Amino acid sequence: MLDFQSYSELLDLYSSYAGVVDSSDWEKWPEFFLDDGTYRLQPRENFDAGLPLCLLALESKAMIRDRVFGVKETMYHDPYYQRHVVGTPRVLSVKTTDRGEEIEAEANYIVFRTKREGVTEVFNAGRYRDAIVRTTEGLKFRSRLCVYDSEMIPNSLIYPI
Amino acid sequence: MDATGTIFPVDPHWPGTGSSRIPFWAYTRDDLYKRELERLFYANHWCYIGLEVEVPEPGDFKRTVVGERSVIMTRTADGEIHVVENVCAHRGMRFCREKRGNSKDLLCPYHQWNYDLKGNLTGVPFRRGVKQGGKVNGGMPADFKPEDHGLTKLKVARRGGVVFASFDHSIEPFEAFLGPTILAYFDRVFDGRKLELLGYRRQRIPGNWKLMQENIKDPYHPGLLHTWFSTFGLWRADNQSELKMDAHLRHAAMISTRGQGGKVTEVTSGIDSFKEAMKVNDPRLLDIVHEPWWGKPTAVMTTIFPSVIIQQQVNSVSTRHIQPNGHGSFDFVWTHFGFADDDPEMKQRRLIQANLFGPAGFVSADDGEVIEWSQEGFEQKPSHRTLVEMGGTDTTDSDHMVTETLIRGMYAYWRKVMGE
Ligand code: FES
Ligand SMILES: [Fe+2]
């Protein structure tokens, strides 16, 4: 469905995203999204039951920026490293829309958390369900929905998944 | 106590008669924790089960807990709600494994004992034995009475679409348990309107369960810890506020009315970090629309001892269920809801404001973190004590929030019931 060139751009998007959210360089995180792009992190039980509540529902790039401000400036939390391992994305469809080409893709992920003086633990496991469009600045998320199996959050979740 | 050099006191006693200095060992001892389960969760107190809207149809069930005991809420064909313990009357299995579902009956897979949705035993395989070669092998004794071997049934209270239950069938009515003051704040949210379930969020917090009750009885911290609140002017120390308790001092309501903006006064600049200039990038995060049922207050946090907190923070409403597991850990389960007559904009507003709360919330993630760090301090030296003396040492209602009176009230009650 996707030519090799486009698939390689898709791989690059997934790996750059993981690189940014693991790097503490939070300011770069909103740049993966369109201005009206959305980021949602949702427990699987809600997703499966058709319940709309998310752990985070950031409805625009501006709101994603607000989250960055919270993470950097206002939320007290134990510092930790996180490490994403993202599986190979599977392309579900490629459509032509009024915004141009839109790719629907999904990929499994695991995030490990390591606190200072702590051992590394599995923090959050789930699946990205993405709608991606091509812009002049490359591929961007129109929406990224992370549906997580790890419904019992180990206390709190601060950094972006 | 520290002076004696004992860090881990054996059979310690609470010094004095007050409740403003809580020994660290009140949070670290397994024997006390077991007593709390017995006296607070399993007797004398109505515990939160869920919302009726979680089991709307006959046969719907939801599994939850009272204290550490697994229970099942069911809806029968007559519309009634029942709560039964999830322990098989045969050999004790926790047989219900799904969080929710729909079923005609309750079946334990081990030996297929079958119960109706009220918990009555309706089927025992081979009860009358198995015929083989002209004789009957086995079977239950002739005097076995199924009616004596149902699931443990809890007493159920329903009010305004919320379900509470108790293992203690001699418990006072739910309304008396809350008392008139707290009942009024309960009814303010649950006034009989149909609710709409929005979903769940769960977190496991490594701290003693009482710390969550304290957190929501503590109006001293929000303007300080929750920098996000104060940065965007949602919580200010000069907000109008009231703190009210029931006659036993166990439940409480923190009632506040958001300030109308304006200059940061000397008072506020001392106690919180409100900066007039700060605005969120996406205004929908703080698109607060007054709802008629609020009355004057813009936020009321109601702590119902020991098991639940009812949150109304502007347009975000939820129940927060405390599910203890050991002296140093509890699961905190958030059930967000709206009202069936919400228009799509209001529903979306509630979902967006939910970003402020929950395990990742701008102003709630920090609560879980500080509870974890408190527990670490307590475990380090159980002989020490906290100091809960902001606003004095008394346990009276208050018309301001610069006080820890609600926490003192809760421990005055705790001491009485626990005999400590
Ligand atoms: S343990 Fe349940 S049927 Fe035997
Ligand atoms: Fe708080």
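Everything here concerns the structure above.
Here we summarise the structure given alongside this text. (Residues numbered from 1 in each chain as written. Chains lettered and ligands numbered in written order. Predicted model: local features only at pLDDT ≥ 70, side-chain atom pairs only at ≥ 80, totals over all residues. Heavy atoms only, no water.)

1. Focus: the overall build of chain B
As a reminder, the rule being used: The secondary structure listing takes helices from DSSP runs of H or I that are at least 4 residues long and strands from runs of E that are at least 2 residues long, numbered from the N terminus. The globule rule is 2.2 Å times the number of residues to the power 0.38, and the radius of gyration it is compared with is taken over C-alpha atoms. A simple rule labels every residue: compare its accessible area, found with a 1.4 Å probe on the protein chains alone, to the largest value its type can have, and call it buried under 20%, exposed over 50%, or partly exposed in between. Here a residue-residue contact requires only that any non-hydrogen atoms of the pair lie within 4.5 Å. The accessible surface values rely on the Shrake-Rupley method and a 1.4 Å probe; as for residues, cover is taken only from the protein chains in view. Working convention for charge: Lys and Arg count positive, Asp and Glu count negative, and His plus the chain ends are omitted. Taken as the charge location is NZ of Lys, CZ of Arg, CG of Asp or CD of Glu.
If you tally the helices and strands in chain B, you get 10 helices and 19 strands. Over its C-alpha trace chain B gives a radius of gyration of 24 Å, about what one expects of a compact globule, namely 22 Å for 420 residues. With the C-alpha coordinates of chain B rotated into their principal frame, the extents come out at 95 × 65 × 35 Å. Per-residue burial for chain B yields a buried fraction of 56% across its 420 residues. The long-range fraction of contacts in chain B, counting pairs at least 24 apart against all pairs at least 6 apart in sequence, stands at 66%. Accessible surface computed for chain B: about 17100 Å², of which carbon and sulfur atoms make up 53%. Counting 51 positive and 54 negative side-chain charges, chain B places the centres of these two groups 5 Å from one another.

2. Details of the sheet that holds strand β11 (residues 155-159) of chain B
Residues and elements named next belong to chain B. Using the following cut-off: Two strands make a pair as long as DSSP finds a minimum of two bridges between them. A fitted line through C-alpha atoms represents every axis, and for helices the fit uses only the stretch in contact; the resulting angles, taken between N-to-C directions, go from 0 to 180 degrees.
The antiparallel open sheet is built from 3 strands, whose spatial order is β1-β12-β11. The outermost strands of the open sheet, each flanked by one partner alone, are β1 (47-51) and β11. Pairwise comparison of adjacent strand axes, ignoring direction, gives a mean angle of 30° for this sheet. Two elements, β1 and strand β12 (residues 162-166), share 4 bridges in a ladder whose sense is antiparallel. Residue pairing across strands places Cys47 opposite Ala165, the latter belonging to β12. The strands touched by helix α3 (residues 174-189) are β11 and β12; relative to β11, the strand with the most contacts, the crossing angle is about 20°.

3. Describing the coordination of the iron ion (ligand 2)
When a metal carries six donors in an octahedron, the ideal angles between them are 90 or 180 degrees, while four donors in a tetrahedron ideally lie at 109.5 degrees. Residue and element names in this part refer to chain B. We apply this condition: For Na, K and Ca the donor cut-off is 3.2 Å, and for all other metals it is 2.8 Å, counting N, O and S atoms only; because water is absent from this set, sites may look incomplete. Irregular is the label for any site that misses the other tests, which are tetrahedral for four donors with all angles between 85 and 135 degrees, and square planar for four donors or octahedral for six when opposite donors exceed 155 degrees and the remaining angles lie between 65 and 115.
The coordination sphere of the iron ion (ligand 2), as far as protein atoms go, consists of His221 (NE2), His226 (NE2), Asp367 (OD) and Asp367 (OD), spread over 2.1 to 2.3 Å. With 4 donor atoms in place around the iron ion (ligand 2) and angles of 58 to 146° between them, the coordination shape is irregular. When the donor residues of the iron ion (ligand 2) are listed from N- to C-terminus, their spacing reads H-x4-H-x140-D. Of this pair, His221 sits in the loop between α4 (210-215) and α5 (222-225) while Asp367 sits in helix α9 (residues 365-380), and the two are 146 residues apart along the sequence. Note on Asp367: relative accessible area 6%, which makes it buried.

4. What to know about the nonpolar core
Our working rule: We define the nonpolar core as a collection of buried residues of types Ala, Val, Leu, Ile, Met, Phe, Trp, Tyr and Cys that are connected through side-chain atoms lying within 4.5 Å of one another.
Counting residues in each nonpolar core, the largest one holds 106 residues, and the members touching the most others are Trp29, Tyr39 and Leu41 of chain A. Here the element with the most residues in this core is helix α10 (residues 405-418) of chain B; it accounts for 7 residues. With residues up to four places along the chain from it excluded, the contact list for Trp29 of chain A reads Tyr17, Val20, Val21, Tyr39, Leu58, Ile64, Arg67, Val68 and Pro160 of chain A. Core analysis: the second largest hydrophobic core is formed by 29 residues, Leu183, Trp294, Val300 and Val308 of chain B among them.

5. Points about the interface of chain B and chain A
Rules: Summed over both partners, the accessible area lost on bringing two parts together, with a 1.4 Å probe, is the buried area. Any Lys or Arg side-chain nitrogen found within 4 Å of a carboxyl oxygen on Asp or Glu counts as a salt bridge. Side-chain atoms alone can form a polar contact between residues adjacent in sequence; in general such a contact is a pair of N or O atoms within 3.5 Å, and within protein one must be able to donate a hydrogen while the other accepts it. Polar here means any residue outside two lists: the nonpolar Ala, Val, Leu, Ile, Met, Phe, Trp, Tyr, Cys and Pro, and the charged Asp, Glu, Lys and Arg; Gly therefore counts as polar.
The interface is formed by 42 residues belonging to chain B together with 34 residues belonging to chain A. For the pairing of chain B and chain A, the buried interface totals around 3300 Å² over both sides, and the portion due to carbon and sulfur atoms is 57%. Our enumeration of links across chain B and chain A arrives at 5 salt bridges. Applying the counting criterion to the chain B and chain A interface returns 25 residue pairs in polar contact (both at pLDDT 80 or more). At the level of secondary structure, the elements contributing two or more residues to the side of chain B that touches chain A comprise β13 (195-205), α5, α6 (227-231), β19 (330-339), α8 (344-353) and α9 of chain B. At 9 residues, β13 of chain B tops the list of elements feeding residues into the side of chain B that touches chain A. Here the residues of the side of chain B that touches chain A sort into 20 nonpolar, 10 polar and 12 charged.

6. Quick word on the side chain of Asp366 of chain B
Looking at the secondary structure, you find Asp366 of chain B in helix α9. Within the buried set, Asp366 of chain B has no salt-bridge partner at all; the shortest N-O distance to an opposite charge, 8.6 Å, is to Arg67 of chain A. Here the side chain of Asp366 of chain B touches His226 of chain B through a polar contact of 3.3 Å, side chain to side chain. Contacts of Asp366 of chain B, omitting those with residues within four sequence positions, involve Thr74, Met75 and Tyr76 of chain A together with Leu225, His226 and Gly361 of chain B.

7. Re α10 of chain B
Residues and elements named next belong to chain B. Stated formally: Multiplying one less than the number of residues by 1.5 Å gives the expected span of a helix.
Here α10 contains 14 residues, and its C-alpha end-to-end distance of 20 Å stays within 8% of the 20 Å for a straight helix at 1.5 Å per residue. Of all 14 residues in α10, 11 are buried; the element is thus mostly enclosed. Considered for burial, the residues of α10 that qualify are Thr405, Leu406, Ile407, Arg408, Gly409, Met410, Tyr411, Tyr413, Trp414, Arg415 and Met418. For α10, the elements touching its buried residues are α1 (25-28), α2 (30-41), α4, β14 (240-245) and β15 (252-257). Of the residues flanking the end of α10, it is Gly419, one or two places downstream, whose phi is positive at about 65°.

8. Comments concerning the sheet that holds β19 of chain B
A sheet is described by the order of its strands in space; here 8 strands give the open sequence β8(A)-β13(B)-β19(B)-β18(B)-β17(B)-β16(B)-β15(B)-β14(B), paired in mixed fashion. Edge positions in the sheet fall to β8 (152-154) of chain A together with β14 of chain B, since each has one partner strand and no second. Recorded for the sheet is a direction-independent mean angle of 15° between the axes of neighbouring strands. Here α3 of chain B sits on the sheet in contact with β14, β15, β16 (299-304), β17 (308-313) and β19 of chain B, set at roughly 135° to β16 of chain B. Where α8 of chain B meets the sheet, its contacts fall on β13, β17, β18 (316-324) and β19 of chain B, and the angle it forms with β13 of chain B comes to roughly 5°.

9. Notes on the packing of aromatic side chains
This is how the line gets drawn: Pairing of aromatic side chains here covers Phe, Tyr and the six-membered ring of Trp, requires ring centres within 6.5 Å, and sorts the geometry by plane angle: under 30 degrees stacked, over 60 edge-to-face, intermediate tilted. The rule is short: NZ of Lys or CZ of Arg within 6 Å of the ring centre and within 35 degrees of the ring normal puts a charge over the ring.
Inspection of the entire model under this criterion finds 40 aromatic pairs over all chains. Here Phe186 of chain B and Phe190 of chain B contribute two aromatic rings whose centre-to-centre distance is 5.0 Å and whose plane-to-plane angle is 45°, an arrangement assigned as tilted. Feature note: the residues Tyr14, Tyr17, Trp29, Phe32, Phe33, Tyr39, Tyr109, Tyr128 and Phe141 of chain A constitute an aromatic cluster, connected by ring pairs. The lysine or arginine in question, Arg193 of chain B, covers the ring of Phe339 of chain B, its NZ or CZ lying 3.6 Å from the ring centre.

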